[in-house]
Amino acid sequence: MQRINSAAELDARRKELQSGKDPDRPAIAVCSGAGCAGLSNGRVIAAFEKELDAQGLAEKVELRATGCHGLCELGPNVVIYPEEIYYIHVKPEDAADIVKETIAGKKVVDRLVYTDPENGEKAVHLDEIPFYKYQNRNLIGNNTRINPSSIDDYIGIGGYAALSKALFEMKPEAVLDEVKKANLRGRGGGGFPAGLKWETTRNAPDKEKYVIVNGHEGEPGAFMDRAVFTGNPHLVLEGLIIGAYAIGAHQGFIYTRHDSKLLKKNIDLALEQARQCGLLGENILGSGFDFDVEVHYDVGIFVSGESSALMRSIEGRNPEPRPKYIRTSVSGIWDKPSNLNNVETWANVPQIIEKGAEWYTGTGTERSKGTKMISLSGNVVNSGVVEVPFGTTLRQIVFDIGGGIPGGKKLKALHFGGAMGGSIPESLIDTPLDFDALKKAGAPMGAGALMVMDEDTDMVEMARFFLTFLTNESCGKCVPCREGIRQLLKILADLCEGKGKKGDIETMEEIADVMSAASLCSLGKTATDPLRGTLKYFREEYEANIQ
């Protein structure tokens with residue numbers, strides 16, 4: 001793979017790739033996201049390979065295993081280009097008909113297209129399906145169009161143009177100012193302005209600084225970061241390099257899960273290709289800027305995704321949190337200034353630099369700009385990865401995109417933010433997707449895991465479910481978290497079995513107050529949020545279980 005030594009060479013490489021690509025050449029994009037992989041998509045890919053060979057079309061048709069397409073509920077799904085015909089629930093035995101009818105015959109295989117469960121209408125093309133029609137897929141939209149293991153595919157659609165612009169047309173301070181003007185808020189949970197965080201690390205006195213991708217994503221129901229990182233790893237890497245340039249860091253880290261083989265494979269390959277092309281390592285694109293990346297894997301516990309615990313893990317120590325008064329932006333890995341953002345935050349950076357803060361702030365609400373990726377799951381017709389502009393109502397996400405509640409049942413509650421999130425009732429379904437609005441409602445967005453609950457859901461049991469997860473994942477370092485969750489679980493177990501007694505609710509509220517005030521890290525401080533939310537909106541269910 002030839003090294004690219006300048007901005008001009010990068011532009012030339014892109015033009016060469018684009019001119020050599022026939023827009024009318026048929027392509028079969030098979031989803032290889034985690035959901036479809038669990039449904040034997042590998043057998044589907046093998047069946048297409050066999051059928052293309054048998055019909056003498058292997059050289060004429062591009063077959064690519066892509067990242068997540070988003071509509072996990074109907075996988076394995078396949079997109080046929082250039083028409084963007086969308087097939088669902090594709091099985092190995094369907095490959096012959098698709099190749100014969102659609103690729104060779106330019107006909108639609110009617111039985112494989114999306115059919116609306118409400119009115120029976122069929123949607124042949126991707127953008128006609130309600131799940132996609134109401135989205136704004138700035139980050140995940142290219143997943144169907146590229147092979148995640150090909151850096152040329154990424155360069156061909158404009159990849160690394162933002163990096164080139166930053167390195168050759170902007171000073172580091174200008175890059176930082178553009179991110180601040182865009183009001184990019186961190187997508188990992190807190191919603192803190194990324195630009196201010198970068199500025200703190202940049203202005204820290206120590207010359208050696210680090211930038212980190214938090215790809216841990218360990219909360220229940222969260223799978224959007226893996227979708228973009230596995231499907232388009234160079235997008236995240238490009239954002240990280242731009243951030244390193246703005247901050248003045250020459251070493252970066254990717255911290256991610258140890259249990260996703262495809263994610264590991266795609267990240268490792270992306271780093272190797274970027275180094276070979278001169279986009280990573282010494283003298284990137286001939287600019288004089290040096291930057292490289294190491295990959296570290298978690299040890300299989302939830303708390304290792306907490307910022308200070310994650311950094312201790314990178315240092316080779318037990319992933320235990322540090323007190324919050326120690327600011328990792330100033331004193332992080334090996335006590336050096338360290339800037340940590342999650343996958344989705346870094347993935348937003350290239351489009352901000354390439355298109356500008358003014359373009360970026362044209363989408364979203366007053367204080368929440370851009371789009372947000374959501375993991376939609378639970379009692380909903382179409383579960384999957386959703387990307388919508390901030391300001392989209394929860395009603396639109398659940399009903400227009402998600403298809404509503406299956407089986408004709410009623411919506412009871414929505415839970416945002418995973419194990420440390422909160423539940424709100426159906427009456428608040430018109431709340432906009434906005435960091436501040438959701439926090440005020442009692443369902444802080446977290447990383448973006450949205451769980452839908454129908455009328456049969458026991459909210460006391462849900463609180464116990466989340467606290468059971470957290471008691472197993474607590475590092476045990478501080479007493480308020482370790483013992484507080486255990487005591488809450490004892491009371492909840494009695495309540496769920498109808499053995500609650502007078503004063504139990506008040507005792508849980510008191511324990512929750514102590515945990516929030518005295519716990520060491522955010523896990524302990526927010527572990528009681530599911531309990532608080534259900535007590536606020538569904539208190540009668542707790543009271544019904546008291547003898």
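Check the entry above for the structure.
Treat the numbers as computed from the prediction; the structure is a model and nothing was measured.

Draft legend 1. Quick look at the overall build of the protein. For the protein, the helix and strand inventory stands at 23 helices and 15 strands. For a compact globule of 547 residues, the expected C-alpha radius of gyration is about 24 Å, and the protein comes in at 24 Å, within 12% of that figure. When the backbone C-alpha atoms are referred to their principal axes, the protein occupies close to 75 × 65 × 40 Å. Burial analysis of the protein (547 residues in total) assigns 57% to the buried set.

Draft legend 2. Highlighting the state of the cysteines. In this structure the tally under the stated criterion is zero disulfides. Distance from the sulfur of C475, which forms no disulfide, to the nearest cysteine sulfur (C521) is 6.2 Å. Exposure remark for C475: the relative accessible area of 32% places this residue in the partly exposed category. Looking at the unpaired C481, the closest cysteine sulfur is the one in C478, lying at 5.1 Å. According to the relative accessible area criterion, C481 is buried, its value standing at 4%.

Draft legend 3. Quick look at the sheet that holds strand 11 (residues 371-378). Read from one edge of the open sheet, five strands run 12-11-15-13-14, paired in mixed fashion. Bordering the open sheet on either side are strand 12 (384-389) and strand 14 (422-425), each of which pairs with just one other strand. Each adjacent strand pair in this sheet contributes to an overall mean axis angle of 30 degrees, direction not counted. The sheet contact formed by strand 13 (residues 411-416) and strand 14 spans four bridges and is antiparallel. By the bridge assignment, F416 is partnered in strand 14 with G422.

Draft legend 4. Highlighting the nonpolar core. Counting 64 residues, the largest nonpolar core has Y160, W198, I241, F291 and I353 as the members making the most contacts within it. By residue number, the principal contributor to this core is helix 11 (residues 233-247), which donates ten residues. Residues contacting I241, with those up to four places away along its chain left out, are Y160, L163, L279, L280, I284, F289 and F291. Within the second largest apolar cluster, 38 residues are counted, among which are V79, V398, L411 and V452.

What counts and how
- Residues numbered from 1 in each chain as written.
- Predicted model: local features only at pLDDT ≥ 70, side-chain atom pairs only at ≥ 80, totals over all residues.
- Heavy atoms only, no water.
- Helix = DSSP H or I, 4+ residues; strand = E, 2+ residues; numbered from the N terminus.
- Rg over C-alpha atoms; globule rule 2.2 N^0.38 Å.
- Buried < 20%, exposed > 50% of the residue type's maximum accessible area, 1.4 Å probe, protein only.
- Disulfide = S-S within 2.5 Å.
- Pairing = 2+ DSSP bridges.
- Axes fitted to C-alpha atoms, helices over the stretch in contact; angles between N-to-C directions.
- Core = buried A, V, L, I, M, F, W, Y, C linked by side-chain atoms within 4.5 Å.
- Contact = heavy atoms within 4.5 Å.

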